[in-house]
Amino acid sequence: MDKDFVLKVGKNIRKYRENKGFSQFKLAIESDVTPGAIANIEHARSDTTLTRINAIAKALDIEPYKLLQFDE
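Computed from a prediction, not measured in an experiment: that's the story for all the values here.

Conventions and cut-offs
- Residues numbered from 1 in each chain as written.
- Predicted model: local features only at pLDDT ≥ 70, side-chain atom pairs only at ≥ 80, totals over all residues.
- Heavy atoms only, no water.
- Buried < 20%, exposed > 50% of the residue type's maximum accessible area, 1.4 Å probe, protein only.
- Helix = DSSP H or I, 4+ residues; strand = E, 2+ residues; numbered from the N terminus.
- Arc of directions from axis to C-beta.
- Contact = heavy atoms within 4.5 Å.
- Core = buried A, V, L, I, M, F, W, Y, C linked by side-chain atoms within 4.5 Å.
- Phe/Tyr/Trp six-rings, centres within 6.5 Å; stacked < 30°, edge-to-face > 60°.

## Considering helix H4 (residues 50-59)
Next up, step 1: All of the buried residues in H4 are Ile-53, Ile-56, Ala-57 and Ala-59. Seen from one end, H4 has its buried residues packed into an arc of 160°, which puts them on one side. Exposed positions of H4 whose direction lies more than 90 degrees from the buried face are Leu-50, Thr-51 and Lys-58.
Next up, step 2: Lining the buried residues of H4 we find helix H1 (3-20), helix H2 (24-31) and helix H3 (35-42).
Next up, step 3: Of the residues trailing H4, Asp-61 is marked for its positive phi of about 60°.

## Let's talk about the nonpolar core
Next up, step 1: Formed by 17 residues in total, the largest nonpolar core has its most connected members in Ile-13, Leu-27, Ile-38, Ile-56, Leu-60, Ile-62 and Leu-67.
Next up, step 2: The set of elements that each furnish at least two residues to this core consists of H1, H2, H3 and H4.
Next up, step 3: Broken down by element, the residue count for this core peaks at four residues, all from H4.
Next up, step 4: Not counting residues up to four positions away in its chain, the partners in contact with Leu-67 are Val-9, Asn-12, Ile-13, Tyr-16, Ile-53, Ile-56, Ala-57 and Ile-62.

## Details of the packing of aromatic side chains
Next up, step 1: In this structure the tally under the stated criterion is one aromatic pair.
Next up, step 2: Aromatic pair Phe-5 and Phe-70: ring centres 5.6 Å apart, planes at 85°, arrangement edge-to-face. In this pair, Phe-5 is assigned in helix H1 and Phe-70 in the segment after H4, connecting sequence segments 65 residues apart.
Next up, step 3: With a relative accessible area of 38%, Phe-5 lands in the partly exposed category.

In structure tokens form, the structure reads like this:
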């Protein structure tokens, strides 16, 4: 697992989640992902799949690529 990459994805998920006013629990419900998985992704404790990235993006009303776009 590329910890730096996963951390950047997690930070993006958190940023968009907070901008939407969602708790981790609310995002989990809306994306059909467990709350633990959301926490693990945001804190780079685990990798995730493109299917899960897509589900999270849909719940956040954004395009999936935005979760993979980083400010360098």
